[in-house]
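Structural features, examined
Spelled out from the first residue to the last, the chains are:
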Amino acid sequence: MSDRIIDLKKQLRELKAGEKMAAFAGFSLDLGDPVGTKDGVLKIADFIRPDGSGYLTVTFQLDLGPDLAEHRAVAQAFQKLATFSSRADHVLGRARFGKGFDYMLCMDQGVSEGEVWYTAEADIYYTALRGRVRELVTEAVLPGLAAIVPVTFEAANWWNDEQG
(Lines give C-alpha, C1' and ligand atoms only; values in the text may rest on other atoms or scores of the structure.)
Protein backbone atom coordinates (compact mmCIF):
# COMPACT_ATOMS: atom_id res chain seq x y z
CA MET A 1 0.00 0.00 0.00
CA SER A 2 1.28 3.43 -0.87
CA ASP A 3 1.31 6.44 1.45
CA ARG A 4 0.65 8.61 -1.58
CA ILE A 5 -2.54 10.67 -1.35
CA ILE A 6 -4.58 10.98 -4.53
CA ASP A 7 -6.15 14.39 -5.12
CA LEU A 8 -9.09 13.62 -7.37
CA LYS A 9 -10.11 17.27 -7.73
CA LYS A 10 -6.60 18.14 -8.89
CA GLN A 11 -6.65 15.28 -11.40
CA LEU A 12 -10.04 16.43 -12.69
CA ARG A 13 -8.76 20.00 -13.13
CA GLU A 14 -5.75 18.66 -15.06
CA LEU A 15 -8.02 16.63 -17.34
CA LYS A 16 -10.30 19.61 -17.91
CA ALA A 17 -7.32 21.78 -18.85
CA GLY A 18 -6.99 19.71 -22.05
CA GLU A 19 -10.61 20.09 -23.17
CA LYS A 20 -11.42 21.76 -26.47
CA MET A 21 -13.33 24.83 -25.39
CA ALA A 22 -16.23 25.55 -27.76
CA ALA A 23 -18.15 28.38 -26.08
CA PHE A 24 -19.28 29.96 -22.86
CA ALA A 25 -22.46 31.73 -21.83
CA GLY A 26 -23.51 33.74 -18.82
CA PHE A 27 -26.68 32.68 -17.05
CA SER A 28 -29.07 33.63 -14.27
CA LEU A 29 -30.38 30.86 -12.02
CA ASP A 30 -33.80 31.62 -10.50
CA LEU A 31 -33.82 30.19 -6.98
CA GLY A 32 -37.14 31.72 -5.92
CA ASP A 33 -37.84 33.48 -2.65
CA PRO A 34 -36.07 34.28 -0.42
CA VAL A 35 -32.79 33.56 -2.28
CA GLY A 36 -33.61 35.23 -5.62
CA THR A 37 -31.32 34.83 -8.63
CA LYS A 38 -27.66 33.90 -8.89
CA ASP A 39 -25.50 34.65 -11.90
CA GLY A 40 -22.97 32.20 -13.23
CA VAL A 41 -21.06 31.00 -16.27
CA LEU A 42 -21.69 27.94 -18.44
CA LYS A 43 -18.60 26.51 -20.13
CA ILE A 44 -19.21 24.34 -23.20
CA ALA A 45 -16.50 21.98 -24.45
CA ASP A 46 -16.66 19.36 -27.16
CA PHE A 47 -14.93 16.11 -27.95
CA ILE A 48 -15.46 14.67 -31.42
CA ARG A 49 -14.32 11.12 -32.17
CA PRO A 50 -12.86 10.10 -35.55
CA ASP A 51 -16.22 8.52 -36.52
CA GLY A 52 -18.03 11.87 -35.98
CA SER A 53 -19.74 10.88 -32.74
CA GLY A 54 -18.81 12.59 -29.51
CA TYR A 55 -20.03 14.61 -26.57
CA LEU A 56 -20.55 18.10 -25.28
CA THR A 57 -19.49 18.87 -21.74
CA VAL A 58 -21.50 21.66 -20.13
CA THR A 59 -20.06 22.99 -16.87
CA PHE A 60 -22.10 25.35 -14.70
CA GLN A 61 -20.08 27.50 -12.30
CA LEU A 62 -21.51 29.86 -9.68
CA ASP A 63 -19.78 31.94 -7.04
CA LEU A 64 -21.67 31.39 -3.78
CA GLY A 65 -21.68 33.36 -0.58
CA PRO A 66 -21.69 31.94 2.95
CA ASP A 67 -25.52 31.54 3.09
CA LEU A 68 -26.31 27.83 3.55
CA ALA A 69 -29.89 28.36 2.34
CA GLU A 70 -28.42 29.60 -0.94
CA HIS A 71 -26.17 26.52 -1.15
CA ARG A 72 -29.17 24.20 -0.62
CA ALA A 73 -31.29 26.06 -3.19
CA VAL A 74 -28.55 25.81 -5.82
CA ALA A 75 -28.04 22.11 -5.10
CA GLN A 76 -31.80 21.48 -5.42
CA ALA A 77 -31.94 23.33 -8.74
CA PHE A 78 -29.14 21.22 -10.22
CA GLN A 79 -30.59 18.02 -8.76
CA LYS A 80 -33.26 18.44 -11.47
CA LEU A 81 -30.55 18.02 -14.11
CA ALA A 82 -29.23 14.85 -12.47
CA THR A 83 -32.75 13.45 -12.21
CA PHE A 84 -33.41 14.16 -15.89
CA SER A 85 -30.10 12.55 -16.84
CA SER A 86 -30.94 9.36 -14.96
CA ARG A 87 -34.25 9.08 -16.84
CA ALA A 88 -33.23 10.31 -20.30
CA ASP A 89 -33.76 7.58 -22.87
CA HIS A 90 -33.45 8.18 -26.62
CA VAL A 91 -36.99 9.56 -26.94
CA LEU A 92 -36.91 11.91 -23.95
CA GLY A 93 -33.30 12.93 -24.57
CA ARG A 94 -33.82 13.69 -28.26
CA ALA A 95 -36.93 15.72 -27.48
CA ARG A 96 -34.90 17.87 -25.09
CA PHE A 97 -31.39 17.85 -26.63
CA GLY A 98 -31.85 17.23 -30.33
CA LYS A 99 -31.37 14.67 -33.05
CA GLY A 100 -28.60 12.19 -32.44
CA PHE A 101 -28.84 12.33 -28.63
CA ASP A 102 -27.41 9.08 -27.28
CA TYR A 103 -27.16 9.47 -23.50
CA MET A 104 -26.24 11.90 -20.74
CA LEU A 105 -24.09 11.73 -17.60
CA CYS A 106 -24.13 14.29 -14.78
CA MET A 107 -21.57 15.07 -12.14
CA ASP A 108 -22.54 17.60 -9.49
CA GLN A 109 -19.34 18.56 -7.73
CA GLY A 110 -21.17 20.88 -5.35
CA VAL A 111 -19.17 23.09 -3.03
CA SER A 112 -16.12 21.85 -1.19
CA GLU A 113 -15.34 22.98 2.32
CA GLY A 114 -13.47 26.25 2.17
CA GLU A 115 -14.42 26.90 -1.47
CA VAL A 116 -17.04 29.30 -2.75
CA TRP A 117 -17.50 27.89 -6.27
CA TYR A 118 -20.40 25.58 -7.00
CA THR A 119 -19.83 23.36 -10.03
CA ALA A 120 -22.27 21.08 -11.83
CA GLU A 121 -21.39 19.29 -15.04
CA ALA A 122 -23.10 17.16 -17.66
CA ASP A 123 -21.75 15.24 -20.64
CA ILE A 124 -24.27 14.94 -23.46
CA TYR A 125 -23.35 12.21 -25.94
CA TYR A 126 -24.37 12.28 -29.61
CA THR A 127 -24.16 9.64 -32.31
CA ALA A 128 -23.34 12.44 -34.79
CA LEU A 129 -21.65 15.58 -33.48
CA ARG A 130 -19.12 16.64 -36.14
CA GLY A 131 -20.25 19.84 -37.88
CA ARG A 132 -23.22 20.27 -35.53
CA VAL A 133 -21.78 21.77 -32.35
CA ARG A 134 -23.05 25.34 -32.82
CA GLU A 135 -26.41 24.19 -34.15
CA LEU A 136 -26.95 21.80 -31.26
CA VAL A 137 -25.82 24.26 -28.60
CA THR A 138 -27.96 27.15 -29.79
CA GLU A 139 -31.03 25.23 -30.97
CA ALA A 140 -31.18 22.31 -28.55
CA VAL A 141 -28.72 22.24 -25.64
CA LEU A 142 -29.24 25.71 -24.16
CA PRO A 143 -33.05 25.58 -24.55
CA GLY A 144 -33.04 21.98 -23.26
CA LEU A 145 -31.07 22.90 -20.16
CA ALA A 146 -33.34 25.90 -19.54
CA ALA A 147 -36.38 23.60 -19.67
CA ILE A 148 -34.90 21.43 -16.91
CA VAL A 149 -33.11 23.88 -14.61
CA PRO A 150 -34.66 27.31 -13.83
CA VAL A 151 -31.98 29.17 -15.77
CA THR A 152 -31.92 31.93 -18.38
CA PHE A 153 -28.90 31.99 -20.71
CA GLU A 154 -27.23 34.87 -22.46
CA ALA A 155 -26.16 34.26 -26.07
CA ALA A 156 -23.23 31.87 -26.38
CA ASN A 157 -19.80 33.39 -26.96
CA TRP A 158 -17.86 31.10 -29.30
CA TRP A 159 -14.24 30.32 -28.58
CA ASN A 160 -13.27 30.49 -32.25
CA ASP A 161 -14.88 31.09 -35.63
CA GLU A 162 -14.56 27.49 -36.85
CA GLN A 163 -17.80 25.61 -37.37
CA GLY A 164 -17.81 22.66 -34.92
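Scroll up a little and you will see the structure.
The following paragraphs examine the structure supplied in this document.

Brief notes about the overall build of the chain
A count of helical and extended segments in the chain gives four helices and seven strands. Each helix and strand of the chain, placed in order from N terminus to C terminus, yields the pattern α-β-β-β-α-α-β-β-α-β-β. Expressed as a percentage of its 164 residues, the buried residues of the chain come to 41%. Excluding contacts between residues fewer than 6 apart, the proportion of contacts in the chain whose partners are at least 24 apart in sequence is 61%. Surface accessibility of the chain: about 9,500 Å² in total, with carbon and sulfur atoms responsible for 53%.

Here we look at the packing of aromatic side chains
Across all of its chains, the model carries 11 aromatic pairs by this definition. Ring plane angle 20° and centroid distance 6.2 Å describe the contact between Phe-97 and Phe-101, whose orientation is recorded as stacked. When its relative accessible area of 0% is taken as the criterion, Phe-97 is described as buried.

So, the nonpolar core
Across soluble globular proteins, nonpolar side chains show a tendency to be buried alongside one another. Formed by 40 residues in total, the largest nonpolar core has its most connected members in Leu-29, Leu-42, Phe-60, Phe-78, Phe-97, Tyr-126 and Leu-145. Counting only elements with at least two residues in this core, the list comes to strand 1 (20-30), strand 2 (37-48), strand 3 (54-63), helix 2 (68-87), strand 4 (101-110), strand 5 (117-126), helix 4 (133-148) and strand 6 (151-153).

With respect to the pairing of strand 3
Among the 10 residues of strand 3, seven are classified as buried, and the element is accordingly described as predominantly covered. Judged from the nine bridges that link them, strand 2 and strand 3 form a sheet pairing that is antiparallel. For Leu-42, the partnering residue across the bridge sits in strand 3 and is Phe-60. Between strand 2 and the antiparallel strand that follows it, strand 3, lie five residues; Gly-52 among them carries a positive phi value of about 95°. Two strands pair when backbone bridges link them, and strand 3 and strand 5 are joined in this way by 10 bridges, in the antiparallel orientation. Looking at the pairing, Tyr-55 lines up with Tyr-125 of strand 5.

Some remarks on helix 2
The terminal C-alpha atoms of helix 2 lie 29 Å apart, and with 20 residues this matches the ideal 28 Å at 1.5 Å per residue to within 8%. Buried residues of helix 2: Glu-70, His-71, Ala-73, Val-74, Ala-77, Phe-78, Leu-81, Phe-84 and Ser-85, and no others. One side-chain oxygen of the residue at the start of helix 2 lies 3.0 Å from the amide nitrogen of Ala-69, identifying that residue as Asp-67.

Some words on the environment of Gly-32
Mapped onto the secondary structure, Gly-32 falls in the loop between strand 1 and strand 2. Put simply, Gly-32 and Ala-73 are 41 residues apart on the chain and 8.6 Å apart in space, counted from C-alpha to C-alpha.

Remarks on helix 3 (residues 90-97)
The N-cap of helix 3, judged by a side-chain oxygen 3.2 Å from the amide nitrogen of Val-91 a few residues on, is Asp-89. Trailing helix 3 by a residue or two, Gly-98 shows a phi angle of about 95°, which is positive.

Description of the pattern of salt bridges
Taken as a whole, this structure holds two salt bridges when the rule is applied. For Lys-20, the salt bridge goes to Asp-46, with nearest N and O atoms at 3.5 Å. With Lys-20 in strand 1 and Asp-46 in strand 2, the pair connects residues that are 26 residues apart, well separated along the chain. Put simply, Lys-38 and Glu-70 hold a salt bridge, and the shortest N to O gap is 3.6 Å. Residue Lys-38 is found in strand 2, and its partner Glu-70 is found in helix 2; the two are separated by 32 residues along the sequence. Overall, the relative accessible area of 16% leaves Lys-38 in the buried class. The exposure class of Glu-70 is buried, given its relative accessible area of 11%.

A closer look at the environment of Ala-75
With respect to the helices, strands and loops of the structure, Ala-75 is situated in helix 2. Taking C-alpha positions, Ala-75 is 9.7 Å from Thr-119, a pair spaced 44 residues apart along the chain.

Brief notes about the environment of Ala-73
Mapped onto the elements of the fold, Ala-73 is located in helix 2. Along the backbone, Ala-73 and Val-35 are 38 residues apart, and their C-alpha atoms lie at a distance of 7.7 Å. Sequence-distant contacts of Ala-73, defined by excluding residues within four places in its chain, comprise Leu-31 and Val-35.

The rules behind the values
- Residues numbered from 1 in each chain as written.
- Predicted model: local features only at pLDDT ≥ 70, side-chain atom pairs only at ≥ 80, totals over all residues.
- Heavy atoms only, no water.
- Helix = DSSP H or I, 4+ residues; strand = E, 2+ residues; numbered from the N terminus.
- Buried < 20%, exposed > 50% of the residue type's maximum accessible area, 1.4 Å probe, protein only.
- Contact = heavy atoms within 4.5 Å.
- Areas by Shrake-Rupley, 256 points an atom, 1.4 Å probe, with all protein chains shown as cover.
- Phe/Tyr/Trp six-rings, centres within 6.5 Å; stacked < 30°, edge-to-face > 60°.
- Core = buried A, V, L, I, M, F, W, Y, C linked by side-chain atoms within 4.5 Å.
- Pairing = 2+ DSSP bridges.
- Expected span 1.5 Å × (residues − 1).
- Polar contact = N/O pair within 3.5 Å; in protein donor to acceptor, adjacent residues only side chain to side chain.
- Salt bridge = Lys/Arg side-chain N within 4 Å of Asp/Glu carboxyl O.

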